[in-house]
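# An overview of the molecular structure
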Amino acid sequence: MTAAPNSSLRERKKRRTRQALIDTALELFTRRGFGGVTLDELCEEVEVSKRTFFRTFTSKEDVAMAPDQDLWRAFLEELETADPGVLPVVELGRDALLAALERMDDEGWARRMLLSRRLAERTPSMGAHGLQFCEATTQEALEILHRRFGLGGSGDLRPRLAVDMLIAAFRGALASWVAQADEAGEAGQIRGEPMPRHDLAARLREAVAALPGSLALTTSR
């Protein structure tokens, strides 16, 4: 009967260590550059061993991109339990992604996401890591759509295109969210302060709403 509290204590400690690694990594990488911080230095700063680090993350890129990855893992969980109703697949995915955004702690996650995206813009290895994660997430989403909703099959590209459009809409919303934070910094506000999470959610809704119109665009004058 004492195992459960001990187990819960271990889980809380693991979560705190994970968060400390993410926060410390983002702060150090932002101040000194991604290549200016070794894994040994990061672990020393958090007072954990490299063995502990590799129980949670696979690389410096992995810990630096944790805010983005946490969101998309939550998205997969929301998609797994979503009620399909009669929504188009892109809107089903939009609602799952919005629900995932609601699960992120607002101020802390938003700031970490902003730091992570700024790092990614100037760190090629993070971009490559992000592409790998994106493809793995896409494949998991397609598997859920096929298993739960019977969508997709041999030669049917529509589910893949729907997921790709959702990701593109989010990336567009995220880019404008980061840009607005940067503009606020240039206007005299403290650089590094993110726009609220709900602002990103609003931009995502706008981006998804714009998808049908973008598909109807022509080059005619």
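As a reminder, the structure under discussion sits directly above these lines.
What counts, and where the lines are drawn
- Residues numbered from 1 in each chain as written.
- Predicted model: local features only at pLDDT ≥ 70, side-chain atom pairs only at ≥ 80, totals over all residues.
- Heavy atoms only, no water.
- Phe/Tyr/Trp six-rings, centres within 6.5 Å; stacked < 30°, edge-to-face > 60°.
- Buried < 20%, exposed > 50% of the residue type's maximum accessible area, 1.4 Å probe, protein only.
- Lys NZ or Arg CZ within 6 Å of the ring centre and 35° of its normal.
- Core = buried A, V, L, I, M, F, W, Y, C linked by side-chain atoms within 4.5 Å.
- Helix = DSSP H or I, 4+ residues; strand = E, 2+ residues; numbered from the N terminus.
- Contact = heavy atoms within 4.5 Å.
- Axes fitted to C-alpha atoms, helices over the stretch in contact; angles between N-to-C directions.
- Parallel < 35°, antiparallel > 145°, perpendicular 65-115°, else oblique.
- Nonpolar A, V, L, I, M, F, W, Y, C, P; charged D, E, K, R; others polar.
- 1 Å grid on protein atoms, 1.4 Å probe; cavity = no way out; pocket = protein on both sides within 12 Å on 5 of 7 lines; lining within 4 Å.
- Points joined across faces, edges and corners; volume = space filled by probe spheres on them.
- Arc of directions from axis to C-beta.

On inspection of all chains with the given rule, the structure shows five aromatic pairs. Geometrically, the ring pair formed by F53 and F57 is tilted, given 5.7 Å between the ring centres and 40° between the ring planes. By relative accessible area, F53 is classed as buried at 0%. On the accessibility criterion, F57 (3% relative accessible area) is buried. Clustering of aromatic rings is evident, with ring pairs tying together F53, F54 and F57. Stacked on the ring of F34, the Lys or Arg K60 has its end atom at 4.5 Å from the ring centre.

We now examine the nonpolar core. In terms of nonpolar packing, the biggest core is built from 43 residues, with F75, F170 and W177 touching the most fellow members. Of all the secondary structure elements, the ones that give two or more residues to this core are α5 (66-81), α6 (89-103), α7 (106-121), α8 (124-149), α9 (158-186) and α10 (197-209). It is α9 that contributes the most residues to this core, 11 residues altogether. Not counting residues within four places of it along the chain, the set of residues in contact with F170 comprises D68, L71, W72, L97, M113, L200 and L204. In terms of nonpolar packing, the next biggest core, distinct from the first, is built from 23 residues, F34, L42, V63 and A120 among them.

The next thing to look at is the environment of L97. By the secondary structure assignment, L97 is in helix α6. Classification of L97 by relative accessible area gives buried; the value is 0%. Expressed as a C-alpha distance, the spacing of L97 and R73, which sit 24 residues apart in the sequence, is 9.8 Å. Those residues within four positions of L97 in sequence are excluded, and the remaining contacts are L71, W72, F75, L166, F170 and L204.

What follows concerns unusual backbone geometry. With phi around 65°, E47 is a residue other than glycine that occupies positive phi space. Among the residues examined, E47 registers a relative accessible area of 73% and is labelled exposed.

Attention shifts here to the packing of α5 against α8. Contact geometry for α5 and α8: axes closest at 10 Å, N-to-C directions at 5°. Relative to α8, the element α5 lies roughly parallel. From α5, Q69, W72, R73, F75, L76, L79, E80 and T81 reach across to α8, where they touch H129, F133, T137, E140, A141, I144, L145, R147, R148 and F149. Of the residues in the contact of α5 with α8, the class split is nine nonpolar, four polar and five charged.

Right, let's talk about the layout of surface pockets for a bit. The space that makes up the largest pocket amounts to roughly 290 Å³. Where the lining of the largest pocket is concerned, the elements lending two or more residues are α5, α7, α8 and α9. The element contributing the most residues to the lining of the largest pocket is α8, with six residues. Within the lining of the largest pocket, the residues separate by chemical class into 10 nonpolar, three polar and four charged. In this structure, the second largest pocket spans a volume of roughly 250 Å³. Taken together, E11, K13, K14, R15, T17, R18, V48, T52, R55 and T56 make up the lining of the second largest pocket. Residues of the lining of the second largest pocket, tallied by class, amount to one nonpolar, three polar and six charged.

Considered for burial, the residues of helix α2 (residues 39-46) that qualify are L39, L42, C43 and V46. Within α2, the buried residues cover an arc of 95° as seen down the axis, which keeps them to one side. In this structure, α2 carries E44 and E45 as exposed residues pointing more than 90 degrees from its buried face. In the segment just after α2, E47 is the residue with positive phi, at about 65°.

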